[in-house]
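What follows is each chain in one-letter form.
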2 protein chains.
Amino acid sequence: MQAYFPVLGVLGMMLMLFGLVMGFPLAVSFALDDGATQAYDLAILATFVTGLAMWLGGRRARRDLRVSDGFLLVAATWLITPVFGALPLMFYLPELSFTDAYFEAASGLTTTGATVLTGLDAMPVSINLWRCFMHWVGGMGVIVLMVAVLPLLGIGGRQIFRAETPGPMKESSLTPRIAETAKGLWGVYVVLTVACGIALWQAGMAPWDAVIHAFSIMGLGGFSTRDASLGAFASVPIETVTIVFALLSGINYATHYLALVHRTPRPYGQDPELRWFFGVLAVTVVFLTVYLLEGGAYQDGALAFRHVSFHAVSLATSLGLATYDYTLWPMFAQVWILFLSSFAACSGSTGGGIKMMRAIILYKQVHREIVRSLHPSAVVPLRLGRQRVSDNVLHAVLAFSFMYMVSIVSLTLILAASGLDLVTAFSGVVACINNAGPGLAALGPAGNYQGLGDFQTWVMSFAMILGRLEIFTLLVVLTPAFWRR
Amino acid sequence: MQAYFPVLGVLGMMLMLFGLVMGFPLAVSFALDDGATQAYDLAILATFVTGLAMWLGGRRARRDLRVSDGFLLVAATWLITPVFGALPLMFYLPELSFTDAYFEAASGLTTTGATVLTGLDAMPVSINLWRCFMHWVGGMGVIVLMVAVLPLLGIGGRQIFRAETPGPMKESSLTPRIAETAKGLWGVYVVLTVACGIALWQAGMAPWDAVIHAFSIMGLGGFSTRDASLGAFASVPIETVTIVFALLSGINYATHYLALVHRTPRPYGQDPELRWFFGVLAVTVVFLTVYLLEGGAYQDGALAFRHVSFHAVSLATSLGLATYDYTLWPMFAQVWILFLSSFAACSGSTGGGIKMMRAIILYKQVHREIVRSLHPSAVVPLRLGRQRVSDNVLHAVLAFSFMYMVSIVSLTLILAASGLDLVTAFSGVVACINNAGPGLAALGPAGNYQGLGDFQTWVMSFAMILGRLEIFTLLVVLTPAFWRR
Ligand SMILES: [K+]
Ligand SMILES: [K+]
């Protein structure tokens, strides 16, 4: 038990911080007098007191946080914070079950953006703010997780980024180097969010809508203040701003950071993921626009381009906002953009999926196997950008991608066993594990996750957290071997 | 061009042999006077003459067959023989399109067993014999392919079996060592087929039905003489015989061979795939029987056990015969048994899918990644039975499994783009690439592949051959690099 005190302490500190974070919607609710004020008081108290108790318990720890504590800390953080993030929603909407509230909060904090709520247009500003602010706070966590924590834990081949991570990474203790890295990346994140909010406002959104959607977009979350999502605004300028900032947040924040610090665009040119990210998107937009025009789904080329480019970017980056019910498209086009969400986002972004880095390595490994078949004695080194991909990294990437697909198949089977039809089950699992948001059929942009049973909702919540933590972080903690150490 | 003469010559010889093979249904048709005699004459002539021309063309070759010729030879054999295997069907059924006839013959020779024909019960004996004899001949090819050829070509990690292959494997020329290996394995195959035929006959089948189904079962093909498949016989003894021999053919023929030669059951104990193969089946049968009884799909435990055990074995081995329309089961149970076909069969069997060998390696690699996450400095060797799995084999297995899934996703997307619904497209691709046969929905055991459009039928034919050749054999030949050598 003693062994877990340091984790308990940090977890408690994070919960106390999370309680402070809830002060933001409380302040807004109070200022606007939107009728939801009492939902936050008790939630903040409960969160803060629980955090304090854990922190006091953890103070008895006799050692610093070590790298190996990272698994438990990360898994516990993402499993437990949704419990407290759900409280304001449960207090304001007493008919909302804990299952659904946890789902909504997990969907917020994992930046998935799948919702069980309707009537968003009539909700108090502070409630929608809290939902989207969870995206933003979750996005903060994700950036640090992806750029600093998972490379240290060696999850899914991310150790390849150890050398390239900005900030001092030499110490053996976990906290200081993560804190150092986080500072720089969060600076970029805050600056981009402010710019996004101003741009949305200039594009015609009301101020609070602009703030809330800026949180949603930069976290690549996808909650909106409207049941009709971004479609309610029916505005080309707003859609354009959304696309631009979604693309920015789909890029590795370490690349943004290096470019800003050294005041040169060179890091963008050297980022091996970037050209693939934009390449895949460009090909998709051209191809799907032609496909939908040819197939008669659209008569108007400009409208087809507008809908395709918005949803291709929104799904590929795993943002998940929608302006149109694309489940009206032919099945192939729907499946294709959902499929994009599984690999297109860059590795240090707030996006989900296996990440472009791993997709490139997988592609190169297949290419290498073909060359090896033709020339059995050839030695073909595998490179990502200027770095050589070691066998350890390759093994980890391949095992990760395999477990990603195993997770999708297993969770789909479990949902099918619970009575869900196959397309709904599969697309829901894919949308959740990729932290994309909308799936197909009843889970499409015009539907929502409200219709699921309690068990199915829990499976979806699990899928979101499993995907966000890149499978192995959670998997490791769920093995008996972890607890036997 | 010169470079391909040796392949052309061998291909011609194989076609001449294939022409001779057609003498069997001709002789049967003649003896039974079943009215299909004239379908074979011209087919045999066309096959033999084409083969002779290719053989004569290839005689100008100035060198022996080399290992690197293997890719083209294997790919061309499996792409071209269905053209000639289709001829008797086209001649007897003039309304059958070439697309459908090629599909039927490819389904025969790849031992897939998906059919576009109905009215099988009223077909001449020799036509059904030819369909199932193609399974058996295809199965002969598959055994040699899996045990001798693909390990030499290093496909998907099969090089791990090089050391264990029976027969002399030391020479550098391709033909003699493959011939030597083939002799031993085919001996086992013939003995088991004779035993299967006799057992089916003793179990109550009419003699010709017993012969034809013995071919179908030992090739793990799945064509039948009845539209209702094995369900038409409604016989527990026949189903039991089928299960037993499907299990035997789902085991590595090299293991059978070693056990017979050394007259000891020890090779079965040492085969690392066997315990997993039977373990997965046992768990499936128990679990699904309980699941279907609990869910109310069956009232009668014995009937549930009979249906579940038959279809679990039939799909897991990729046989694909059916006694009941299991698409009436809840979706989960259907998907589960279809899923079994993708990995359960052993690596040197006539079955399809990625093979249990690779499933074990994938499982162990995931386990290794978890251990590595917990103990970053630990060196965890990966073993299959008594052999150490080298990094090269591991890379190849992982790349293979990845490409297997990429193939399923890509072909499903292509079929969805052609207008097929998602469940039909996905299950059809899985059933074809696994060489299992029946899929779900309209492609289930009660339906058939007749309803597909021409383009969709070609995609399915491609999927069958792609799966049978373990992806890379065909993929390598389809790359420009292969032809530039
Ligand atoms: K999202
Ligand atoms: K089959």
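What you see is a predicted model; the values in this text were computed from it and never measured. (Residues numbered from 1 in each chain as written. Chains lettered and ligands numbered in written order. Predicted model: local features only at pLDDT ≥ 70, side-chain atom pairs only at ≥ 80, totals over all residues. Heavy atoms only, no water.)

1. Re the overall build of chain A
Scanning chain A from terminus to terminus reveals 21 helices and 2 strands. Taken against the 2.2 N^0.38 rule, which gives 23 Å for 485 residues, the C-alpha radius of gyration of chain A at 22 Å falls within 12% of a compact globule. Along the three orthogonal principal directions, the C-alpha set of chain A runs to about 70 × 60 × 55 Å. Restricting to contacts in chain A with at least 6 residues of sequence separation, those with at least 24 account for 72%. For chain A, the exposed area adds up to about 17,500 Å²; of that, 67% sits on carbon and sulfur atoms. Taken as two groups, the 27 positive and 25 negative side-chain charges of chain A have centres that lie 18 Å from each other. (Helix = DSSP H or I, 4+ residues; strand = E, 2+ residues; numbered from the N terminus. Rg over C-alpha atoms; globule rule 2.2 N^0.38 Å. Contact = heavy atoms within 4.5 Å. Areas by Shrake-Rupley, 256 points an atom, 1.4 Å probe, with all protein chains shown as cover. Lys, Arg positive; Asp, Glu negative; His and termini not counted. Charge placed at Lys NZ, Arg CZ, Asp CG, Glu CD.)

2. Observations regarding the UniProt feature "binding site: K(+)" (unreviewed entry) in chain A
All names here are of chain A. Listed under "binding site: K(+)" (unreviewed entry) in the UniProt record, and renumbered for this structure, are T111, T112, L220, G221 and N435. Taken along the chain, the residues just named run across 325 residues; in space they keep tight, none of their C-alpha pairs more than 8.7 Å apart. Within the secondary structure, T111 sits in the loop between α6 (98-109) and α7 (125-153). Here T111 falls in the buried class, since its relative accessible area comes to 0%. Those residues within four positions of T111 in sequence are excluded, and the remaining contacts are H135, G138, G139, G219, L220, G221, S318, T350, N435 and R468. One can find N435 in the loop between α18 (422-433) and α19 (454-468). In terms of polar contacts, N435 uses its side chain to reach the side chain of T112, at 2.9 Å. (UniProt positions renumbered as here; feature names shortened; annotations may be inferred. Buried < 20%, exposed > 50% of the residue type's maximum accessible area, 1.4 Å probe, protein only. Polar contact = N/O pair within 3.5 Å; in protein donor to acceptor, adjacent residues only side chain to side chain.)

3. Details of the interface of chain B and chain A
It is common to give the size of an interface as the accessible area that goes away when the parts come together. At the junction of the two partners, chain B supplies 41 residues and chain A supplies 41 residues. Both sides of the chain B and chain A interface together cover about 3,800 Å² of buried area, and 81% of this is carbon and sulfur. Contact with chain A buries area across many residues of chain B, yet L374(B), H395(B) and L413(B) alone supply 17% of it, more than any other trio. Connecting chain B to chain A are 0 salt bridges. Run the count over chain B and chain A and you get 7 residue pairs in polar contact (both at pLDDT 80 or more). (Buried area = accessible area lost by both parts, 1.4 Å probe. Salt bridge = Lys/Arg side-chain N within 4 Å of Asp/Glu carboxyl O.)

4. Looking at the coordination of the potassium ion (ligand 2)
Residue and element names in this part refer to chain B. The protein atoms that coordinate the potassium ion (ligand 2) are T111 (O), T112 (O), L220 (O), G221 (O), S318 (O), L319 (O), N435 (O) and A436 (O), at distances spanning 2.4 to 2.9 Å. Of note, the potassium ion (ligand 2) draws all its donor residues from one chain, in the sequence arrangement T-T-x107-L-G-x96-S-L-x115-N-A. Of this pair, T111 sits in the loop between α6 (98-109) and α7 (125-153) while N435 is found in the loop between α18 (422-433) and α19 (454-468), placing the two residues 324 residues apart along the sequence. Given the relative accessible area of 0%, N435 is considered buried. (Donors = N, O, S within 2.8 Å, 3.2 Å for Na, K, Ca; no water.)

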